[in-house]
Amino acid sequence: NAGVTQTPKFQVLKTGQSMTLQCAQDMNHNSMYWYRQDPGMGLRLIYYSASEGTTDKGEVPNGYNVSRLNKREFSLRLESAAPSQTSVYFCASHWDITYEQYFGPGTRLTVT
Amino acid sequence: QQQVKQSPQSLIVQKGGISIINCAYENTAFDYFPWYQQFPGKGPALLIAIRPDVSEKKEGRFTISFNKSAKQFSLHIMDSQPGDSATYFCAASITSNTGKLIFGQGTTLQVKP
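Residues numbered from 1 in each chain as written. Chains lettered and ligands numbered in written order. Predicted model: local features only at pLDDT ≥ 70, side-chain atom pairs only at ≥ 80, totals over all residues. Heavy atoms only, no water.

1. A closer look at the sheet that holds strand β7 (residues 62-67) of chain B
Residue and element names in this part refer to chain B.
Piece 1. Taken in spatial order, the five strands of this open sheet run β1-β3-β8-β7-β6, and their pairing is antiparallel. Strand pairing shows two members of the sheet lacking a second neighbour, β1 (4-7) and β6 (56-59), which therefore form its edges. Going from strand to strand, the sheet's axes swing by 15° on average, the running direction of each strand aside.
Piece 2. Examined bridge by bridge, strand β3 (residues 19-25) and strand β8 (residues 72-77) share six bridges and lie antiparallel to one another. Along β8, the bridge assignment pairs Asn22 with Ser74. (Pairing = 2+ DSSP bridges. Helix = DSSP H or I, 4+ residues; strand = E, 2+ residues; numbered from the N terminus. Axes fitted to C-alpha atoms, helices over the stretch in contact; angles between N-to-C directions.)

2. Notes on the sheet that holds strand β1 (residues 4-7) of chain A
Residue and element names in this part refer to chain A.
Piece 1. Taken together, the four strands give an open sheet; going across it, the order is β1-β3-β8-β7, and neighbouring strands pair in antiparallel fashion. The open sheet has two free edges, formed respectively by β1 and β7 (64-68), since each of these has just one partner strand. Averaged over all pairs of adjacent strands, the angle between strand axes in this sheet comes to 20°, irrespective of strand direction.

3. Quick look at the side chain of Arg44 of chain A
All names here are of chain A.
Piece 1. Note that Arg44 resides in strand β5 (residues 42-49).
Piece 2. Arg44 gets classed as buried once you look at its relative accessible area, which sits at 16%.
Piece 3. In terms of polar contacts, Arg44 uses its side chain to reach the side chain of Asp38, at 2.9 Å.
Piece 4. Residues within four places of Arg44 in sequence aside, it is in contact with Trp34, Tyr35, Arg36, Asp38, Glu59 and Val60. (Buried < 20%, exposed > 50% of the residue type's maximum accessible area, 1.4 Å probe, protein only. Polar contact = N/O pair within 3.5 Å; in protein donor to acceptor, adjacent residues only side chain to side chain. Contact = heavy atoms within 4.5 Å.)

4. Description of the state of the cysteines
Residue and element names in this part refer to chain B.
Piece 1. Evaluation of the coordinates by the stated rule reveals two disulfides over all chains.
Piece 2. Two residues share a disulfide in this structure: Cys23 and Cys90, whose sulfurs sit 1.8 Å from each other. Taking the torsion about the S-S bond as the criterion, the Cys23 to Cys90 disulfide, at about -90°, is left-handed. One end of the pair, Cys23, is in strand β3; the other, Cys90, is in strand β9 (residues 86-93), and 67 residues separate them in sequence. There is no split in this pair, since Cys23 and Cys90 are both buried. (Disulfide = S-S within 2.5 Å.)

5. Some remarks on the interface of chain A and chain B
Piece 1. Listed per partner, the contact involves 20 residues of chain A and 19 residues of chain B.
Piece 2. Summing both sides of the interface, chain A and chain B together bury roughly 1,600 Å²; the carbon and sulfur share of this comes to 58%.
Piece 3. Per-residue buried area on chain A facing chain B is highest for Leu43, Tyr99 and Phe103 of chain A; these three make up 32% of the total on that side.
Piece 4. Here chain A and chain B share zero salt bridges between them.
Piece 5. Viewed at the interface, chain B and chain A are joined by three residue pairs in polar contact (both at pLDDT 80 or more).
Piece 6. Elements supplying a minimum of two residues to the side of chain A that touches chain B: β4 (31-38), β5, β9 (87-94) and β10 (101-103) of chain A.
Piece 7. Among the residues forming the side of chain A that touches chain B, the class breakdown is eleven nonpolar, eight polar and one charged. (Buried area = accessible area lost by both parts, 1.4 Å probe. Salt bridge = Lys/Arg side-chain N within 4 Å of Asp/Glu carboxyl O. Nonpolar A, V, L, I, M, F, W, Y, C, P; charged D, E, K, R; others polar.)

So yeah, pure geometry; function would need other evidence.
The following block contains the structure:
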């Protein structure tokens, strides 16, 4: 089992460019999440999906969109990147039995 | 609104010492309190978790102490080792509400040999 995988690992964008961060999990989990991590701010929830076909906003959704393509995949899209979106982005999936969240390795995004 | 407050922001401990990280929460509906450990360049991973019906949980050198009346919980790392050097996050969630986690700000622990 690969667990939670994310692509790409690193990305540099210019202000105004768009991109999609990909996430997939092979653990048959229902819930998936996108977080951003900034120094001193902890992990902040951007969007989450409680099940295939549903998505909801988290704490910091502005400037992002998501798609729950199927049970395995949950993508995060930046339509017009801004320097404030420079961050490390983590995808996670959630096991309903133990409440544990499993995190991917992260994507380090820099917007210049 | 920061619902989970974590302190200290950074901590330096000598090898063999005790590391203590504290968290306070506001929402009394929280019913699951995990601690996550993150090494540089990696995603966070669950270390230990507690439910509010117990006051303490121990797994090896790691112990969570939970004070429901004070709305506080803490992580104790006994006999701290250089390999424990990492960033630690406390979190809280309402398990009936999709399992969303609210994270503290994180504590960077350095254990000196």
